[in-house]
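Notes for the structure review
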There are 2 protein chains.
Amino acid sequence: MMTELSQIISQIEPLNPAWLDQARERLDSLTKPRGSLGRLEELATLYVGIRGELLPTLEKKWVVVFAADHGVVAEGVSAYPQEVTYQMVLNFLRGGAGINALARHAGARVAVVDIGVNHDFGHVPELIDRKVAYGSRNMAQEPALTREEALQALLVGVEMAEQATATGVDALAAGDMGIGNTTPAAALASVFTGKPVAAVTGRGTGIEDAVFRHKVAVINRALALHRPSSEDPVGALAAVGGLEIAGIAGFILGTAAARRPLVLDGFIATAGALVAKALAPAVTDYLIAAHRSVEPGHQIMLDFLGLKPLLNFQMRLGEGTGAALGLTLLEAGVRVYREMATFGEAGVADQDA
Amino acid sequence: MMTELSQIISQIEPLNPAWLDQARERLDSLTKPRGSLGRLEELATLYVGIRGELLPTLEKKWVVVFAADHGVVAEGVSAYPQEVTYQMVLNFLRGGAGINALARHAGARVAVVDIGVNHDFGHVPELIDRKVAYGSRNMAQEPALTREEALQALLVGVEMAEQATATGVDALAAGDMGIGNTTPAAALASVFTGKPVAAVTGRGTGIEDAVFRHKVAVINRALALHRPSSEDPVGALAAVGGLEIAGIAGFILGTAAARRPLVLDGFIATAGALVAKALAPAVTDYLIAAHRSVEPGHQIMLDFLGLKPLLNFQMRLGEGTGAALGLTLLEAGVRVYREMATFGEAGVADQDA
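This write-up is about the structure you can find in this document. (Residues numbered from 1 in each chain as written. Chains lettered and ligands numbered in written order. Predicted model: local features only at pLDDT ≥ 70, side-chain atom pairs only at ≥ 80, totals over all residues. Heavy atoms only, no water.)

With an axial shift of 0.0 Å and an RMSD of 0.0 Å, the rotation relating chain B to chain A amounts to 180°. With respect to symmetry, the two chain copies, as superposed, fit the operation of a two-fold axis. Of every C-alpha in chain B, the one belonging to Leu311 of chain B sits nearest the axis of rotation, 3.2 Å from it. When the interface residues of chain B are mapped onto chain A, 100% of them are again interface residues, pointing to one common binding face. (Least-squares fit on C-alpha atoms with pLDDT ≥ 70 in both. Contact = heavy atoms within 4.5 Å.)

All names here are of chain B. With parallel pairing, the six strands of this open sheet are ordered in space as S3-S2-S1-S4-S5-S6. The sheet is open, and its two borders are formed by strand S3 (127-129) and strand S6 (287-289), each paired with just one other strand. Ignoring strand direction, the axes of neighbouring strands in this sheet form an average angle of 30°. Relative to strand S4 (residues 171-177), strand S1 (residues 61-68) is paired through seven bridges, and the arrangement is parallel. Counterpart to Val65 in the pairing with S4 is Gly175. (Pairing = 2+ DSSP bridges. Helix = DSSP H or I, 4+ residues; strand = E, 2+ residues; numbered from the N terminus. Axes fitted to C-alpha atoms, helices over the stretch in contact; angles between N-to-C directions.)

The next subject is the packing of aromatic side chains. All names here are of chain A. All told, the structure shown has four aromatic pairs over all chains when counted by the stated rule. Seen from their ring centres, Tyr86 and Phe121 are 6.4 Å apart, and the 80° between their planes marks the pair as edge-to-face. Pair noted here: Tyr86 is in helix H4 (residues 83-94) and Phe121 is in the loop between strand S2 (109-116) and strand S3 (127-129), with a separation of 35 residues, a long-range link. Judged by its relative accessible area of 23%, Tyr86 falls in the partly exposed class. (Phe/Tyr/Trp six-rings, centres within 6.5 Å; stacked < 30°, edge-to-face > 60°. Buried < 20%, exposed > 50% of the residue type's maximum accessible area, 1.4 Å probe, protein only.)

This part is about unusual backbone geometry. At Gln314 of chain A, a residue that is not glycine, the phi angle is positive and equals roughly 55°. Positive phi, close to 85°, is recorded for Glu126 of chain B, a residue that is not glycine. With respect to the helices, strands and loops of the structure, Glu126 of chain B is situated in the loop between strand S2 (109-116) and S3. Residue classification places Glu126 of chain B among the exposed positions, given a relative accessible area of 62%.

Quick look at helix H2 (residues 17-28) of chain A now. All names here are of chain A. Under the 1.5 Å per step criterion, the end-to-end length of H2 is 17 Å for twelve residues, consistent within 8% with the ideal 16 Å. Listed in full, the buried residues belonging to H2 are Leu20, Ala23, Arg26 and Leu27. The buried residues of H2 all sit within an arc of 125° when viewed along its axis, so they share a single face. Turned more than 90 degrees away from the buried face of H2, the exposed residues are Pro17 and Glu25. Looking at the packing, one finds that the buried side of H2 touches helix H3 (38-51) and helix H14 (321-339). N-capping of H2 is provided by Asn16, with a side-chain oxygen placed 2.9 Å from the backbone N of Ala18. (Expected span 1.5 Å × (residues − 1). Arc of directions from axis to C-beta. Polar contact = N/O pair within 3.5 Å; in protein donor to acceptor, adjacent residues only side chain to side chain.)

Throughout the structure, instances matching the rule amount to 28 salt bridges over all chains. We note a salt bridge from Glu159 of chain A to Arg130 of chain A, for which the minimum N-O separation is 2.7 Å. Note that Glu159 of chain A is positioned in helix H6 (residues 147-166) and Arg130 of chain A in the loop between S3 and H6, a separation of 29 residues in sequence. Arg130 of chain A gets classed as partly exposed once you look at its relative accessible area, which sits at 29%. In this structure, Glu42 of chain B engages Arg39 of chain B in a salt bridge whose closest nitrogen and oxygen atoms are separated by 3.7 Å. Taken together, the residues Glu42 of chain B and Arg39 of chain B, both in helix H3 (residues 38-51) and three residues apart, mark about one turn of the helix. Each of the salt bridges in this network shares a partner with another, and the network as a whole consists of Arg39, Glu42 and Lys308 of chain A. (Salt bridge = Lys/Arg side-chain N within 4 Å of Asp/Glu carboxyl O.)

To continue, consider the interface of chain B and chain A. Across the boundary between the two partners, chain B contributes 55 residues, which contact 55 residues of chain A. When chain B packs against chain A, the two sides together hide about 4400 Å² of surface, and 62% of this comes from carbon and sulfur. Put simply, Arg104 of chain B and Glu339 of chain A hold a salt bridge, and the shortest N to O gap is 2.9 Å. Counting the contacts that link chain B with chain A gives 18 residue pairs in polar contact (both at pLDDT 80 or more). When contributions to the side of chain B that touches chain A are tallied by element, the ones reaching two or more residues are H3, helix H4 (83-94), helix H5 (98-106), helix H14 (321-339) and helix H15 (343-346) of chain B. Top contributing element to the side of chain B that touches chain A by residue count: H14 of chain B, with nine residues. (Buried area = accessible area lost by both parts, 1.4 Å probe.)

Structure (structure tokens):
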């Protein structure tokens with residue numbers, strides 16, 4: 001499995017600055033003062049650089065939601081019971097969740113992957129069954145995953161990216177569902193950014209002060225037990241990660257290898273990006289940070305990745321909801337770039353003409 | 001004309017908090033942790049409050065672009081020649097401008113109003129001809145408009161809002177086109193917020209240091225000459241305003257009177273909002289600030305209006321481009337609110353259940 005992963009990683013290259021220059025040149029010829037569409041112009045430039053063509057289309061969009069459970073909920077770190085994970089998976093498939101509404105708004109398809117939910121779904125059409133295990137183990141007592149499980153989940157993510165690009169998807173977003181998953185995400189944030197656990201841990205979907213302090217203690221205990229290192233990203237993912245986070249990390253790698261943009265969601269998806277960057281530093285060229293989450297550790301992760309979020313909307317839902325909004329903003333940038341007339345075409349006098 | 005305006009103003013009422021409470025109650029029943037969609041939930045709540053119904057639709061959207069010229073360009077305050085105003089109007093009508101691309105993205109119609117362009121268009125289908133004058137006069141030497149012209153332009157704006165709502169438009173945005181119009185906008189910002197001219201003046205679409213200092217001096221000269229007061233909003237608009245700014249102010253009043261949301265664009269549209277608020281303080285309940293412009297005075301205006309911008313995208317184009325993005329974000333909030341399943345419907349366990 002490591003060979004398969006290494007092969008994907010070897011395909012990820014930094015963007016070619018020549019494409020970025022060509023995109024900027026075109027933007028400067030459009031009927032507006034130079035640079036006056038700010039971040040929309042940055043998004044368009046990035047998209048041209050990622051796709052490696054002068055007038056790339058942006059039509060087909062997918063949000064892939066990876067769902068998994070977490071043994072660490074046994075420590076009482078979450079405000080919701082574990083069965084909410086599978087109940088929400090069913091809600092996604094019926095179209096009633098936040099991500100469904102926002103993906104419809106973005107014109108994106110939602111694909112839901114069971115990569116490790118602690119529930120037997122039986123045969124549910126539309127659910128993509130890639131269950132690696134019935135959830136991770138309790139990291140406070142043992143490694144969350146074996147190295148093989150972590151690798152297998154990474155490759156599920158790669159497979160999803162390959163499937164999407166094989167069907168002509170232009171832009172991708174990753175989402176998560178997993179009760180308790182801010183705990184492994186905070187643990188990974190601490191491992192990869194080097195910041196103390198208390199600085200990168202938040203209140204998840206809503207816990208009180210005492211539970212918060214307990215959560216920090218649980219993560220510190222797990223880190224002391226396994227001593228994960230950012231030098232061994234797969235090992236760190238196995239020790240204190242989770243299956244949906246591994247799936248997202250693999251999805252990010254597969255997306256970059258296929259030269260497609262990946263719109264990042266919040267705290268959980270960004271933890272996956274930390275793992276992906278540790279495996280292949282050039283992936284950050286393909287990432288668009290949709291928003292800054294309420295989770296205090298999120299900004300620390302984004303700074304570490306060198307990403308500037310598009311929105312600061314006080315969101316903390318996950319599922320890919322922020323990323324779906326990011327997809328609409330990316331598309332806005334691409335439309336400006338593709339659809340606006342040049343000064344010459346429109347017969348408008350330019351400032352420097 | 002003052003009677004007509006007073007009648008519109010008398011119809012503008014603050015939002016009924018009962019609707020806001022009902023919206024929040026519904027949001028709390030949806031399958032997500034309470035408040036976890038942050039500003040999207042605020043947008044949905046505001047929309048329910050503005051429309052005054054529990055499940056309002058948001059389908060039809062209009063961006064109305066008011067175009068006019070400015071005599072003050074004779075002072076050399078702009079980087080572009082005046083003919084760009086009419087050239088851009090023609091570009092709007094052909095669909096090649098930034099606002100066209102972004103309105104298409106938002107699913108909104110663009111309506112273009114000639115409220116004071118210094119050009120004879122002849123018969124141009126699609127252009128809404130409400131020309132009050134061939135541009136304003138040079139405020140540094142005489143009042144920009146007569147009081148009657150200012151009133152007439154305000155009523156053109158009201159008429160546009162009435163026309164839109166009569167055809168079933170759910171949400172509106174206002175844009176501007178007018179070479180030189182950051183000068184009157186900055187003058188009005190100083191009059192209504194009480195801040196010094198240098199603090200609210202920026203570089204428009206791109207001028208150098210010396211031109212910037214000259215622009216501040218020109219505005220200060222005009223203010224010293226006319227001594228406009230925020231106590232007489234129509235008088236201030238006539239002294240140092242412009243026809244498109246007056247149109248936008250009237251449009252805002254008409255929109256609020258019709259209980260529709262108005263998504264504000266940048267510096268110029270927000271100057272119109274300052275005039276509207278001075279005439280009818282409750283209009284701010286109906287305003288959504290789409291973005292924070294690069295113009296330094298914009299944040300000062302937004303603070304004065306008590307509005308928190310949705311985006312900080314380093315944009316400075318005008319035309320309603322930021323507002324069009326704001327419309328898509330508003331729609332995202334409304335979709336979440338209308339389309340998500342409740343905990344009961346989805347069979348998902350709630351935190352407090």
